[in-house]
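What follows is the residue order along each chain.
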Number of protein chains: 2
Amino acid sequence: MDNRLATAGVVGLSPLYRRVEDRILKDLAAGQWRSGEPIPAETKLAKRFDVSIGTVRKAIDELVARQILVRHQGRGTFVAVHDEDRALFYFFRVVARDGIKKYPTSELLSFSEGRADPAQAAALRIPRGAPILRFRNRLAIEGRALILDRIAVPQSLFPGLDEATLRERPSTIYSLYQSRFGINVIRASERLHARTCARETARALGLAADTPILEIRRIAYSYNDAPVEYRISQVDTRDHDYLNDLGRNAGT
Amino acid sequence: MDNRLATAGVVGLSPLYRRVEDRILKDLAAGQWRSGEPIPAETKLAKRFDVSIGTVRKAIDELVARQILVRHQGRGTFVAVHDEDRALFYFFRVVARDGIKKYPTSELLSFSEGRADPAQAAALRIPRGAPILRFRNRLAIEGRALILDRIAVPQSLFPGLDEATLRERPSTIYSLYQSRFGINVIRASERLHARTCARETARALGLAADTPILEIRRIAYSYNDAPVEYRISQVDTRDHDYLNDLGRNAGT
DNA sequence: TTCGATTTGTTCGTATGTATT
DNA sequence: TAATACATACGAACAAATCGA
């Protein structure tokens, strides 16, 4: 098999380093290397793709910036892992109003199979009525129930996912997606608004019926912008805030 | 004057490219080059700092990633400008629930001098009671009043800023900070929560007294993490969302 | 309009340093 | 210690975009 990306004398449309980047991403999406595993050394990749090592480095630089890969001097370059820390500091943005970020505890409230409603179908880019898995999760910080998550995922992506697996997962949900199903959540888009909480939410979080809450609709994506999860979170923000830094690491 | 950052044969503590980066940042903070102006060409900087052009490029790469500089092939490298687009797509995250981002129109409601209350003092890192300027701004999208901003800035940073200047500004507020006072807002941290709207907000936005609204507390920073503005926004999110992408450009 | 000078963008290669195994 | 892998730094050559003569 010829892995070379450049053909002598002929110039491609996009820069070489971007084609290398795409190629690595494609292998990643194909499950060529699993999370936490090292990808081949820069010199190896340079040979395989028949480009200079500088070009490989530039491609990897971009993937590291996107938090898809992680470099370790002297050890190698690894597929990013969604460990506790990453999930918490990257995808979990709720923090006490005047305090430090605490680890939330999670409690599975319900689990069922179902069919995608229009909103879920649109978010997950699957047909209406396609089989999905639904579950509800309650998060507490320092013993206080604060967040109710309603999560929907396509059944096709998570074969065999059941209530026991979810309940007994050792770490975060995204960590489970990764270790059990090989699905890496690498980005998410969220839409937030304020609303009064519904009865169900009020009951789950112990709130009065008209309490204003923060509702977050999140679509989580894997490689190639494939949506893998749709989640609606209801957050009691009476004593907590949703944190967002603009321009800290460029872009968002 | 000797601008060299490296001394022959001696290695510094931090990498050379980072020292170059810091040096450029320092010149930027000192107002050496104003927004929109080009910085010297890479070859010039390489000579000035007595490093290779590759090292200068790496330093500039980081500043470009942080959106502090902008490169244009064939023209040069420029200090980032807060034009309409940047302010809108970078710092303004409110969008119609089922639609595209629209340009908001702004209306100055009030302007006054005052003294920093404890929250403002803490956010702006100035003493309590230090002189500040306060103003309120109402933003509308497609003719509908949606957002009430209460803004506080230290008087010391904005000498001569008055109501007329604010009212007649041609573009965004951050654009005014930049063109009139040489202050560049390069990042911001925001804390969001849901609450019922206060009487004043209800009046300004034409809402019922108990409508749930999204409150955003933003601290805007210039170079060297110096806070320059404290802003509390009240957003009517009945038909609009606050948009946030996690992991799109790495980091946030 | 053409041409040349300037500036950043891309790609290559080499040498050396530092961390890990 | 030796081998391996990434990190830093240097520089060359050419491409592509821009701008002014």
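Our subject is the structure listed above.
Residues numbered from 1 in each chain as written. Chains lettered and ligands numbered in written order. Predicted model: local features only at pLDDT ≥ 70, side-chain atom pairs only at ≥ 80, totals over all residues. Heavy atoms only, no water.

Visitor: Account for the packing of helix H1 (residues 16-29) of chain A against helix H3 (residues 53-65) of chain A, naming residues and giving values.
Guide: All names here are of chain A. At a minimum axis separation of 8 Å, H1 and H3 run at an interaxial angle of 55°. Taken as axis vectors, H1 and H3 run oblique relative to one another. As H1 packs across H3, the resulting crossing turns out to be right-handed. Together, Leu16, Tyr17, Arg18, Val20, Glu21, Ile24 and Leu25 of H1 and Thr55, Lys58, Ala59, Ile60, Glu62 and Leu63 of H3 make up the contact between the two elements. (Axes fitted to C-alpha atoms, helices over the stretch in contact; angles between N-to-C directions. Helix = DSSP H or I, 4+ residues; strand = E, 2+ residues; numbered from the N terminus. Parallel < 35°, antiparallel > 145°, perpendicular 65-115°, else oblique. Left-handed = near helix turned anticlockwise from the far one by under 90°. Contact = heavy atoms within 4.5 Å.)

Visitor: Please provide a residue-by-residue account of the sheet that holds strand E3 (residues 76-79) of chain B, values included.
Guide: Residues and elements named next belong to chain B. One open sheet accounts for three strands, arranged E1-E3-E2; its pairing is antiparallel. Looking along the sheet, the strands with just one partner apiece sit at the ends: strand E1 (38-39) and strand E2 (69-72). Its contacts with the sheet place helix H3 (residues 53-65) against E1, E2 and E3, and it is angled at close to 115° to E2. (Pairing = 2+ DSSP bridges.)

Visitor: Just give me the short version of the interface of chain B and chain A, but keep the residues and values in it.
Guide: Residue-level contacts link 40 residues of chain B with 40 residues of chain A. Here chain B and chain A share an interface that buries about 3600 Å² over both sides, 47% of which is from carbon and sulfur atoms. Where chain B packs against chain A, one counts two salt bridges. Linking Arg191 of chain B and Asp241 of chain A is a salt bridge whose minimum nitrogen-to-oxygen distance equals 3.1 Å. Our count for the chain B to chain A interface comes out at 19 residue pairs in polar contact (both at pLDDT 80 or more). Elements supplying a minimum of two residues to the side of chain B that touches chain A: helix H4 (84-91), strand E4 (94-96), strand E8 (187-196), strand E9 (212-221) and strand E11 (240-246) of chain B. The leading source of residues in the side of chain B that touches chain A is E8 of chain B, at ten residues. Here the residues of the side of chain B that touches chain A are counted per class, giving 16 nonpolar, twelve polar and twelve charged. Here five bridges tie strand E11 (residues 240-246) of chain A to E8 of chain B, and the two strands are oriented antiparallel to one another. Bridge assignment links Asn244 of chain A to a residue of E8 of chain B, and that residue is Glu190 of chain B. (Buried area = accessible area lost by both parts, 1.4 Å probe. Salt bridge = Lys/Arg side-chain N within 4 Å of Asp/Glu carboxyl O. Polar contact = N/O pair within 3.5 Å; in protein donor to acceptor, adjacent residues only side chain to side chain. Nonpolar A, V, L, I, M, F, W, Y, C, P; charged D, E, K, R; others polar.)

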